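Analysis of the macromolecular model
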Amino acid sequence: MSTTAAASTATAAAAELHDCRKTFAETLIELAETDPRTVAVCNDSVGSSNLKEFQQRFPDRLVNVGIAEQLMVGAGAGLANGGRVPFVCAAAPFLTGRALEQIKADVAYSRTNVKLCAMSPGFAYGQLGPTHHGVEDFAWLRTLPEMVVLAPADPAETREAMLWAHQYDGPVYLRIGRTKVPDLAPHVPFEAGRAACLRDGRDITLIGVGTTVSAALAASAKLAAEGVDARVLNFSTVKPLDEETLLAAAAETGRIITVEEANVHGGLGSAVAEFLAAREPVPMKLLGVRDEFTPTGSPAFLAEYFGIDTEAIARAARELTGAGQGAAA
Amino acid sequence: MVLAPVPSATARLAGLRRELRAAPPAERAARLRELAYSIRRSDLEMISRAGQGHIGGDFSAADIVTVLYFAVLDVRPEEPEWAERDRFVLSKGHAAGILYSALAHAGFFPEAELTTFMEPLSPLNGHPNRRKVPGVETNTGPLGHGFPVAVGMAVAAKLDGSSRRTYVLTGDGELQEGSNWEAAMSASQQRLGRLTVIVDRNRFQQGAATEETSGLDPLDAKWASFGFDVRAVDGHDYEALYQALSEERSLDDRPLCLIADTIKGKGVSFIEDRVEWHHKVPTAEQTAAAFEELTAR
């Protein structure tokens, strides 16, 4: 298994990289074609949310409210009240930070059928600085009852997550990546609430989400060459948490590393730690944004800076397993 | 706990609405007034029993809410989610008491349920919850939420080519929230002709007069400059409210803003126009005196 996975990972690393917003735009058009209830709502973000073709094809079904995120989310809830299925699209930091109370009251608490599409999350807007980085969203969104939080990792999963969100009657938060990612291999069909095991392993579990999944896979290949057998899980559903898969990972591998392009305080790492601390405590490392405002730099620079790139994940895994110190498990 | 509608409430409400619409203005006003004071009395009892509530803003809005539910809105208490219903959004969610009282009078749930107002685990929370109270369209409480949601409702109706109307009632102090002006700009840009904003202009917010806090005047000019048709209406004149709320509007008209001139605490002499009654609770003696006034008037 590990040899095959290492080979496929090497292929993926050399493979073409994709901006998931392209798949998002294509899938939204597909959903508009097949279901007249589908509408897009945006905040002057026709370009950055990749909605130009949607606008040409379905001009009436693109509601551009202008630079007004509170209205954008509230109007999304109102459209849902009128029987529509609104995909509310905006850059992650503004959708979540600016309109958080609308997300809480109008979407989650009112339990409206709104799909919140957070474009360019994490540090996709690297050089623009922390005002434009969406790294608090997991922490904010997962504290809201009724909210499903999804962060697909590649184009295929983006499409499948959108199809699922569209048919699900309730609030969904979807992170749509801009930072380019490879097609994951193997492809495991998206299942809401279920983490996908991309590589089995016995020594440690690497949990990725969104852009960090491919980095975790690449790290597992490096580790395999060093004799560390890492399991890799794609936690594309941040909420509800796949507790069963976590319990198995903790029991079977004994060590867990979470990796996210988000703040670890309250993020996926926190969610995993909160659960396992009570049920199956194991040594953990939480990789992600620390308690500091993100500096400027490219997404790749910031991934390195915060230790969520392939090298850093492998390093953390060696530390946790004792590998490289003559004490590999 | 799930609140169930009163049997036959839809037919009864539709019959009453037909009668009121067909009645001569003086008779229509007299019957609406009777209803509005009954709704106020129930609200007074709820607040007195709960020891909490917002009686001032409830009573300033009482006549508007009554005219809407009994003479204007096409709604079905037994099918609260009927797709073609007119929408009403109480953006000033702290006036939940008057909304619950009106919904119960209309038969969305039995009036006996009003006794649970703000009790532990009651569906009748201090601010309305659509998932627990049939007839509530969206959960409000934090201010400045209702109007943006109403814009979405009106866009949905327009996309459907439906004639259903959308009404949203805001407080006046609430207009200090910027989200309302985001909604106003977009409503006018999108020509949401069958969207009506009603401002409960009682001139007080919780701690002081609006004009002493962050003044709104000239409020009519503000709305007009945002592209709305603006009407001033006496918020306690039943016939004026009925006519203003049922003014025919086309799907592509400008949206309409009714600035309803109201008196906070309207209906009880010692509560009227006093800022402290924003959320003061009447004592037993005051409740009895208020009940008497609301019965005599």
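Predicted model, so just to flag it, every value in this text is computed and none were measured.

1. Digging into the overall build of chain B
Counting its secondary structure elements, chain B contains 10 helices and 5 strands. Against the compact-globule benchmark of 19 Å for 297 residues, chain B has a radius of gyration of 18 Å, which places it among compact chains. Counting only C-alpha atoms, chain B reaches 50 × 50 × 40 Å along its principal axes. Put simply, chain B has 297 residues, and 59% of those count as buried. Residue pairs in contact within chain B that sit at least 24 positions apart in sequence constitute 77% of those at least 6 positions apart. Only carbon and sulfur atoms are counted for the fraction: they give 50% of the accessible area of chain B, which is about 10800 Å². Distance between charge centroids for chain B: 3 Å, based on 33 positive and 42 negative side chains.

2. Re the sheet that holds strand β10 (residues 204-208) of chain A
By way of backbone hydrogen bonds, the strands of a sheet pair with one another, either parallel or antiparallel. All names here are of chain A. Spatially, 5 strands are ordered β9-β11-β10-β13-β14 in an open sheet, and the strand pairing comes out mixed. Since the sheet does not close on itself, it has two edges, and those belong to β9 (196-199) and β14 (284-289), each with one partner. The sheet shows a mean angle of 25° between the axes of neighbouring strands, direction not considered. Pairing geometry for strand β13 (residues 256-263) and β14, over 5 bridges, is parallel. Bridge pairing links Val-259 to Leu-287 in β14. Along the sheet, helix α13 (residues 310-321) makes contact with β10, β13 and β14, crossing β14 at roughly 160°.

3. Considerations on the confidence of the model for chain B
A low pLDDT means the predicted coordinates there should not be read in detail. With 99% of its residues at a pLDDT of 70 or more, chain B shows a mean pLDDT of 97. Across the interface, the model reports ipTM at 0.97; the global pTM reads 0.95.

4. A few points about the interface of chain A and chain B
Listed per partner, the contact involves 25 residues of chain A and 27 residues of chain B. Counting the surface lost from both chain A and chain B, the interface buries some 2100 Å², and carbon and sulfur atoms represent 50% of this. When the area that chain A buries against chain B is broken down by residue, the three leading residues are Leu-71, Asn-81 and Tyr-109 of chain A, summing to 29%. Summed over the shared surface of chain A and chain B, the result is 2 salt bridges. A salt bridge links Glu-146 of chain A to Arg-131 of chain B, with the shortest nitrogen-to-oxygen separation between them at 2.8 Å. Applying the counting rule to chain A against chain B returns 14 residue pairs in polar contact (both at pLDDT 80 or more). The element that contributes the greatest number of residues to the side of chain A that touches chain B is helix α4 (residues 69-81) of chain A, accounting for 9 residues. Across the side of chain A that touches chain B, the residue classes tally to 10 nonpolar, 8 polar and 7 charged.

5. A word on the UniProt feature "domain: Transketolase N-terminal" (unreviewed entry) in chain B
Per the UniProt record, "domain: Transketolase N-terminal" (unreviewed entry) is annotated on residues 35-279 of chain B. Measuring from the first to the last C-alpha atom of residues 35-279 of chain B gives 23 Å, for a span that is 37% helix and 12% strand.

6. Topic: the domain arrangement of chain A
Residues and elements named next belong to chain A. By the assigned domains, chain A splits into domain 1 (18-182) and domain 2 (196-320). Summarising the inter-unit geometry, the C-alpha centres of domain 1 and domain 2 are found 25 Å apart. Across the contact, 28 residues belong to domain 1 and 34 residues belong to domain 2. Counting the surface lost from both domain 1 and domain 2, the interface buries some 2300 Å², and carbon and sulfur atoms represent 60% of this. Considering only the side of domain 1, the residues that lose the most area to domain 2 are Phe-123, Phe-138 and Arg-142, jointly responsible for 33% of the buried surface there. Here Arg-142 and Glu-274 are joined by a salt bridge, their closest N and O atoms 2.7 Å apart. The tally of links from domain 1 across to domain 2 stands at 17 residue pairs in polar contact (both at pLDDT 80 or more). Elements with a contribution of two residues or more to the side of domain 1 that touches domain 2: α7 (137-141), β6 (148-150) and β8 (181-182).

7. Topic: the side chain of Lys-239 of chain A
Residues and elements named next belong to chain A. As for its position among the elements, Lys-239 is in strand β12 (residues 237-239). Buried charged residue Lys-239 carries no salt bridge. Nearest counter-charge: Glu-146, at 8.2 Å. In terms of polar contacts, Lys-239 uses its side chain to reach the backbone carbonyl oxygen of Leu-144, at 2.7 Å. Dropping the residues within four chain positions of it, Lys-239 is found in contact with Arg-142, Leu-144, Pro-145, Glu-146, Met-147, Val-148 and Val-149.

8. Digging into the UniProt feature "domain: Transketolase-like pyrimidine-binding" (unreviewed entry) in chain A
Per the UniProt annotation, the sites labelled "domain: Transketolase-like pyrimidine-binding" (unreviewed entry) are residues 18-183 of chain A. Note that residues 18-183 of chain A is 42% helix and 19% strand, and that its end C-alpha atoms are spaced 8 Å apart.

9. Some words on the nonpolar core
Side chains that are nonpolar tend, in soluble globular proteins, to be buried together. In this structure, Leu-116 and Met-147 of chain A together with Phe-147 and Trp-223 of chain B are the most contacted members of the largest nonpolar core, which totals 71 residues. Shared between two domains, this core takes at least three residues from each, and those domains are domain 1 (18-182) and domain 2 (196-320) of chain A. Not counting chain neighbours up to four residues away, the residues in contact with Leu-116 of chain A comprise Val-73, Val-88, Leu-95, Ile-103, Val-107, Met-147, Val-172, Tyr-173 and Leu-174 of chain A. If you look at the next biggest cluster of nonpolar residues, it comprises 62 residues, including Ala-62, Leu-114, Tyr-238 and Leu-245 of chain B.

10. Thoughts on the pairing of strand β2 (residues 38-42) of chain A
Residues and elements named next belong to chain A. With respect to burial, β2 is a largely interior element, 5 of its 5 residues being buried. Judged by which residues are buried, β2 turns out to be covered on both faces: Thr-38, Ala-40 and Cys-42 on one side and Val-39 and Val-41 on the other are all buried. Bridge count for β2 against strand β4 (residues 85-91) is 5 bridges, and the pairing is parallel. Paired with Val-39 across the bridge in β4 is Pro-86. For β2 and strand β3 (residues 62-64), the ladder comprises 3 bridges, and the chain directions are parallel. Looking at the pairing, Cys-42 lines up with Asn-64 of β3.

11. Let's talk about the pattern of salt bridges
In this structure the tally under the stated criterion is 41 salt bridges over all chains. Among the salt bridges present, the one from Arg-84 of chain A reaches Asp-160 of chain B, with a minimum N-O distance of 2.7 Å. Linking Arg-84 of chain A in the loop between α4 and β4 with Asp-160 of chain B in helix α5 (residues 146-160), this pair reaches from one chain into another. For Glu-248 of chain B, the salt bridge is made with Arg-194 of chain B, and the minimal N-O distance between the two is 2.9 Å. On the criterion of sequence distance, the pair formed by Glu-248 of chain B in the loop between α9 (238-245) and β5 (256-261) and Arg-194 of chain B in the loop between α6 (179-189) and β3 (195-201) is long-range, its members being 54 residues apart. Since its relative accessible area comes to 61%, Glu-248 of chain B is described here as exposed. It is possible to trace a salt-bridge network through shared partners that takes in Asp-172, Arg-201, Arg-203, Glu-211 and Asp-217 of chain B.

12. Looking at unusual backbone geometry
Most peptide bonds take the trans configuration, and most residues that are not glycine carry a negative phi. Between Ala-185 of chain A and the following residue, Pro-186 of chain A, the backbone shows a cis peptide bond with an omega angle of 5°. If you trace the backbone, Pro-186 of chain A turns up in the loop between β8 and β9. The omega torsion across Lys-239 of chain A and Pro-240 of chain A is 0°, close enough to zero to call that bond cis. Note on placement: Pro-240 of chain A falls in the loop between β12 and α10 (243-253). Phi at Leu-121 of chain B is positive, roughly 70°, even though this residue is not glycine. When you line up the elements, Leu-121 of chain B lands in the loop between α4 (96-106) and α5. Taking relative accessible area as the criterion, Leu-121 of chain B reaches 82% and is therefore assigned exposed.

The rules behind each value
- Residues numbered from 1 in each chain as written.
- Chains lettered and ligands numbered in written order.
- Predicted model: local features only at pLDDT ≥ 70, side-chain atom pairs only at ≥ 80, totals over all residues.
- Heavy atoms only, no water.
- Helix = DSSP H or I, 4+ residues; strand = E, 2+ residues; numbered from the N terminus.
- Rg over C-alpha atoms; globule rule 2.2 N^0.38 Å.
- Buried < 20%, exposed > 50% of the residue type's maximum accessible area, 1.4 Å probe, protein only.
- Contact = heavy atoms within 4.5 Å.
- Areas by Shrake-Rupley, 256 points an atom, 1.4 Å probe, with all protein chains shown as cover.
- Lys, Arg positive; Asp, Glu negative; His and termini not counted.
- Charge placed at Lys NZ, Arg CZ, Asp CG, Glu CD.
- Pairing = 2+ DSSP bridges.
- Axes fitted to C-alpha atoms, helices over the stretch in contact; angles between N-to-C directions.
- pLDDT = per-residue confidence, 0-100.
- Buried area = accessible area lost by both parts, 1.4 Å probe.
- Salt bridge = Lys/Arg side-chain N within 4 Å of Asp/Glu carboxyl O.
- Polar contact = N/O pair within 3.5 Å; in protein donor to acceptor, adjacent residues only side chain to side chain.
- Nonpolar A, V, L, I, M, F, W, Y, C, P; charged D, E, K, R; others polar.
- UniProt positions renumbered as here; feature names shortened; annotations may be inferred.
- Domains from an automatic or database assignment.
- Core = buried A, V, L, I, M, F, W, Y, C linked by side-chain atoms within 4.5 Å.

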